[in-house]
Structure formats: C-alpha cells, structure tokens
Amino acid sequence: MQGATKCKKRPCRICRRWFQPNPKLKDRQMTCGDPQCKREWHRKRCRQWNRNNRDYFRANYLQKKLAAAQSEETSKSRTRESPKRLSRSGLPLQFVQEVIGLQHFIIIEYLAQLLIRRFQEVLSSQVLVNARKVRQLPRAT
Ligand SMILES: [Zn+2]
C-alpha cells in the first residue's frame, strides 16, 4: 500500500490541472511538472520576492540616507567638504544644503525618484501590453 494521504493530488498553481506530486518533493512541488508551468511559477516567485525586497528597501533606504547626512553634517565642521560634490539628481549638494537643508533635500530627492520609478513601471507595463497586442494581430503572409 502506498501512503496515499501523503501525496494527494493537487491543482497546479499555474495551469490549475490536477497532478500527482512527486513523493520525493513532497510539499515543495507547486506545479504539474510541465516545464512551462515550472518557469512561470519561478517567475512569479521572483516577482513576489522582488516586491517584498523593494518594500524593505524603501523602508530602510531613506532612514539610512538621513542618518548618513546627519553624521556628515556633524563631521563637516571638522573636515572641509569638497564643494563639487553632486547629489544623485545632479544638484550641487552644498548649495542645496544652504537653502533647504540636506535632510529636507534627501526626502525631496527620494520622492522624486519614487515618482520617476513609478512612471517607468507604468510605461514598461504598457509596452508589454502593446507587445502582446501586436502578437495577437494577424500575421501578414
Ligand atoms: Zn501546470
């Protein structure tokens, strides 16, 4: 007798077809074993991982930058900073610092980057949709 309760059939997470999981893989097998389903499953997992990672990154990035700026400001009184240093957006940091303060500037720059990234994401997803639509068009023979 086989351990039927251990390896019950389950639906593929991608194509939803029911399959008999490989007893060696136990609960790790999420797809029916079709190479296309496997690839799709990995892609989804990667995307999820990237998304989680990005949230973590966002939460920590700003805090780290602000802390770095703060320690930089305190150490600046001791060591003369080179005036040519530029921020990521290309503005001369020292000038910005005089007007709005480095920490305010970092927050503004960060928000701008988020906006740009969001914009790029929307753009690239539209490109994907367009490419899909183009593929659906009847081919010229
Ligand atoms: Zn499948």
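Residues numbered from 1 in each chain as written. Predicted model: local features only at pLDDT ≥ 70, side-chain atom pairs only at ≥ 80, totals over all residues. Heavy atoms only, no water.

(A) Broad picture of the nonpolar core. Membership of the largest hydrophobic core is limited to 10 residues, which are Tyr-61, Leu-62, Leu-66, Ala-69, Leu-93, Val-96, Leu-102, Phe-105, Ile-106 and Tyr-110. Secondary-structure elements contributing two or more residues to this core are helix H1 (35-76), helix H2 (93-100) and helix H3 (102-136). (Core = buried A, V, L, I, M, F, W, Y, C linked by side-chain atoms within 4.5 Å. Buried < 20%, exposed > 50% of the residue type's maximum accessible area, 1.4 Å probe, protein only. Helix = DSSP H or I, 4+ residues; strand = E, 2+ residues; numbered from the N terminus.)

(B) Looking closely at the coordination of the zinc ion. The protein atoms donating to the zinc ion are Cys-12 (SG), Cys-15 (SG), Cys-32 (SG) and Cys-37 (SG), with metal-donor distances spanning 2.3 to 2.4 Å. In primary sequence terms, the donor set of the zinc ion follows C-x2-C-x16-C-x4-C. Linking Cys-12 in the loop between strand E1 (10-11) and strand E2 (18-19) with Cys-37 in helix H1, this pair joins segments that are 25 residues apart in sequence. Classification of Cys-12 by relative accessible area gives buried; the value is 0%. (Donors = N, O, S within 2.8 Å, 3.2 Å for Na, K, Ca; no water.)

(C) Structural view of the packing of aromatic side chains. Counted by the stated rule, this structure contains 1 aromatic pair. Between Tyr-61 and Tyr-110, the ring centres sit 5.5 Å apart and the planes meet at 25°, which makes this aromatic pair stacked. In this pair, Tyr-61 sits in helix H1 while Tyr-110 sits in helix H3, placing the two residues 49 residues apart along the sequence. Of the two residues, Tyr-61 and Tyr-110, neither departs from the other in class, the shared state being buried. (Phe/Tyr/Trp six-rings, centres within 6.5 Å; stacked < 30°, edge-to-face > 60°.)

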